[in-house]
Amino acid sequence: MKIQLPKDSVMLSPQFTYGVATASFQIEGSATNRLPNIWDNFCKKPGAIADQSDGLTACDHVNLWDKDLDLINSLNVDAYRLSISWGRVINQDGSLNSEGVNFYIKLLDKLKQFNIKAFVTLYHWDLPQHIEDNGGWLNRATPYLFSDYADKISQAFGDRVASYATLNEPFCSAYLGYEVGIHAPGISGAKQGRTAAHHLLLAHGLAMKVLQKNSPNSDNGIVLNFTPCYSHSGSADDVAATKHADDYMNQWYIKPIMDGAYPELLKSLPEDVRPDIHDGDLDIISQPIDFLGVNYYTRLIYQANAQTIFEEVANDTALHTDIGWEIYPQGLTELLTSLNALYKLPPIYITENGAAMADKLIDGEVKDFGRVDYYQEHLKAVSFAIEQGVDIRGYFAWSLMDNFEWAEGYLKRFGIVYVDYETQQRTLKTSGMAYKTLISNRK
Ligand code: GCO
């Protein structure tokens, strides 16, 4: 099975960056060699994780990293997006943990030998538990701790990193973690969610300053996720409710960075829900960024609701992935062109895109044709956005390999490589072969 792009697409030129992505908590394991984090704790909460699993072993990547890098290299990718576990590299007293730092340095050095660019994310949700015990992202001191971590680790890594992202998906950390409580640390409340979001954005701005100083030659920015909102009908009420949802879930995170202001919606929120914004915060948050990472998986459809303002409407006739998300590639083109119309964007990387499928390993093969289709259609959607003038420089498949899918545990598989969690055996799926072929033919 092949992935095909329009003949003259710039995505077929060697300048376009292709990569695979992972995140520390989802693959690393070796939990005893780092500080406990909010996900370790959340996993202990009855009912929090669908299969009652945890990240103590995951894909055992801390032990198997060398082979995993050979596997990445065998895909002919240009780049590898990974995240750093804060509690593996920084001790509780704020000093560097040399064992943890050396783990990543070995890994970054091997990437360099392979001529694979390292796209490093500093925060992919694994906040050290001792920081959470002091209020976590609800505490205004946490952004300053994050900036200190960014300072120390970027100095330690030297020139090994091609691109730094401060945060991955602050929407998920803030909304899922502190507003609806289905992710760690499992706190619920609108005030908490908005406060965490503001502190995460502040952390991003503070860390941006540090990264630009310590690592001026890398491309530094942030990774945001977007779930574009579509109105169920053309009625004024549904359209207004959908705009409200979009401002609350999506624009809330990008507008402060690009425009130095929250959406107008902020003013209509009850006083006791609004975050505490200090003078100068938005100037810090709106530091120029070298790139914007965009993560896209699906869209949502909304209608008005008298109590909750907006509510989701299921699209039963559409195709869905194994995690229940509608497959809607055209949403990716529309997202990219609409962001490009709304903001003065830096170059964009699609830092995550992919699909959960109910994969089966049969006779040493995983024929995940549905995932090949997903990649085919979404890569085409990116190509269409480029044709319409959006400056997109690269694309990362989520994920390199099956891993700990947060509240879903190990039940949902997103990899282009299959992981047998009993044996830690990796098997390249049909989608992995198709992705490799696309990349290799371009070179
Ligand atoms: C994300 C996460 C990934 C998830 C993926 C699928 O950034 O949302 O980076 O950790 O596994 O999105 O849900």
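Cut-off values and rules
Residues numbered from 1 in each chain as written. Predicted model: local features only at pLDDT ≥ 70, side-chain atom pairs only at ≥ 80, totals over all residues. Heavy atoms only, no water. Near = heavy atom within 4 Å. Polar contact = N/O pair within 3.5 Å; in protein donor to acceptor, adjacent residues only side chain to side chain. Areas by Shrake-Rupley, 256 points an atom, 1.4 Å probe, with all protein chains shown as cover. Salt bridge = Lys/Arg side-chain N within 4 Å of Asp/Glu carboxyl O. Helix = DSSP H or I, 4+ residues; strand = E, 2+ residues; numbered from the N terminus. Buried < 20%, exposed > 50% of the residue type's maximum accessible area, 1.4 Å probe, protein only. 1 Å grid on protein atoms, 1.4 Å probe; cavity = no way out; pocket = protein on both sides within 12 Å on 5 of 7 lines; lining within 4 Å. Points joined across faces, edges and corners; volume = space filled by probe spheres on them. Pairing = 2+ DSSP bridges. Contact = heavy atoms within 4.5 Å.

A. Examining the site of the ligand more closely. In the vicinity of the ligand lie 13 residues, with Q26, H124, E169, E352 and E405 positioned nearest. A distance of 2.6 Å separates an oxygen atom of the ligand from a polar side-chain atom of Q26. Take H124: an N or O atom from its side chain is 2.8 Å from an oxygen atom of the ligand. Out of a free accessible area of 310 Å², the ligand has 95% covered by protein chains.

B. Molecular detail of the pattern of salt bridges. Tallied over the entire structure, the rule returns 25 salt bridges. Across the pair K110 and D70 runs a salt bridge, and its minimum N-O distance is 3.0 Å. Of this pair, K110 sits in helix 5 (residues 98-113) while D70 sits in helix 3 (residues 61-74); the two residues are 40 residues apart in sequence, bridging distant segments of the chain. On the basis of relative accessible area, K110 is assigned to the buried category, the value being 13%. A salt bridge links R299 to E326; its shortest N-O distance comes to 3.1 Å. Here R299, found in the loop between strand 7 (291-296) and strand 8 (300-305), pairs with E326, found in the loop between strand 9 (309-313) and helix 13 (330-342); they are 27 residues apart in sequence, far enough to count as distant. Like R299, the residue E326 is buried in the burial classification. Among the charged side chains, a salt-bridge network with shared partners connects D359, D368, R371, D402, R413 and K429.

C. Layout of unusual backbone geometry. The omega torsion of the bond from A184 to P185 falls at 5°, within 30 degrees of zero and hence cis. Tracing the chain through its elements places P185 in the loop between helix 8 (170-179) and helix 9 (190-214). Note that the residue after W398, namely S399, is joined by a cis bond; omega there is 15°. As for its position among the elements, S399 is in the loop between strand 11 (392-398) and strand 12 (417-420). With phi around 55°, Q52 is a residue other than glycine that occupies positive phi space. The backbone of E169 shows a phi angle near 50°, a positive value even though the residue is not glycine.

D. Main features of the layout of surface pockets. Here the largest pocket defines a volume of roughly 1100 Å³. L176, T227, T298, L300 and W325 are, among the 39 residues lining the largest pocket, the residues nearest its centre. In this structure, the second largest pocket encloses a volume near 180 Å³. What lines the second largest pocket is F226, P228, C229, Y230, D246, N250, Q251, E334, L335, S338, L339 and L342.

E. Geometry of the pairing of strand 12. Sheet analysis places strand 12 next to strand 13 (residues 425-428), joined by 4 bridges and oriented antiparallel. Within the sheet, the bridge partner assigned to V417 lies in strand 13 and is L428. Where strand 12 folds back on strand 13, the antiparallel hairpin that results is connected by 4 residues, among which Q424 adopts a positive phi of roughly 60°.

F. Here's a closer look at the environment of K110. For the pair K110 and S188, spaced 78 residues apart in the sequence, the C-alpha separation amounts to 42 Å. Non-local contacts of K110, meaning those with residues more than four positions away in its chain, are made with W65, D66, L69 and D70. Here D70 takes part through its side chain, which lies 3.0 Å from a polar atom of the side chain of K110.

G. Representation of empty space enclosed by the protein. Counted under the stated rule, the structure contains 3 cavities of 30 Å³ or more. Space inside the largest cavity adds up to approximately 60 Å³. Every residue lining the largest cavity is listed: I38, W39, Y123, W125, W137, C172, S173, Y178, H183, A184 and P185. For the lining of the largest cavity, the elements supplying multiple residues, two or more each, are helix 2 (38-43) and helix 8.

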